[in-house]
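A structural walkthrough
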Amino acid sequence: LDKELEAKKKQTQDAEAAKRKAAEEQAAKAKIENCVRAKQAKATFDSGTRVTRFNAAGEREVMDDAARAEELKRIQGIMARDCK
């Protein structure tokens, strides 16, 4: 009886460890993907090309200097967090 209980306990612990490991691997992959996207976006902004985005009405608009600076700050924050 004790062996069965211990076997079930070990099986539960192993399953929990496997779930944790899978979650950690998924989080690491997401960080890598976020880092790559942020680097690509930063390269676009650093190139000096005009960047457009769509507003709430679905209209295309060119980002002004203030919007570019705000977006670049957001991108740098992502890079600081995910590109380690």
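Preceding block: the structure.
First, a word on what this report is: a plain description of the structure on this page.

Procedures and definitions
Residues numbered from 1 in each chain as written. Predicted model: local features only at pLDDT ≥ 70, side-chain atom pairs only at ≥ 80, totals over all residues. Heavy atoms only, no water. Helix = DSSP H or I, 4+ residues; strand = E, 2+ residues; numbered from the N terminus. Expected span 1.5 Å × (residues − 1). Buried < 20%, exposed > 50% of the residue type's maximum accessible area, 1.4 Å probe, protein only. Contact = heavy atoms within 4.5 Å. Salt bridge = Lys/Arg side-chain N within 4 Å of Asp/Glu carboxyl O.

1. Section: helix 1 (residues 2-46)
Taking 1.5 Å per residue as the helical rise, helix 1 with its 45 residues ought to reach 66 Å, and the 65 Å between its terminal C-alpha atoms agrees with that figure. Every buried residue of helix 1 is listed here: Cys35, Ala38 and Phe45. Those residues of helix 1 hidden inside the fold are in contact with helix 2 (65-82). Taken from the residues just after helix 1, glycine 48 is the one with a positive phi, measuring 85 degrees.

2. Notes on the pattern of salt bridges
What the rule picks out here adds up to six salt bridges. Notably, a salt bridge pairs aspartate 14 with lysine 10, separated by 3.3 Å at the nearest N-O pair. Taken together, the residues aspartate 14 and lysine 10, both in helix 1 and four residues apart, mark about one turn of the helix. Aspartate 14 gets classed as partly exposed once you look at its relative accessible area, which sits at 42%. Across the pair glutamate 33 and arginine 37 runs a salt bridge whose closest N-O atoms are separated by 2.8 Å. Note that glutamate 33 and arginine 37 are positioned in helix 1 at a spacing of four residues, about one turn of the helix. Residue glutamate 33 is classed as partly exposed on the basis of its relative accessible area, which comes to 42%.

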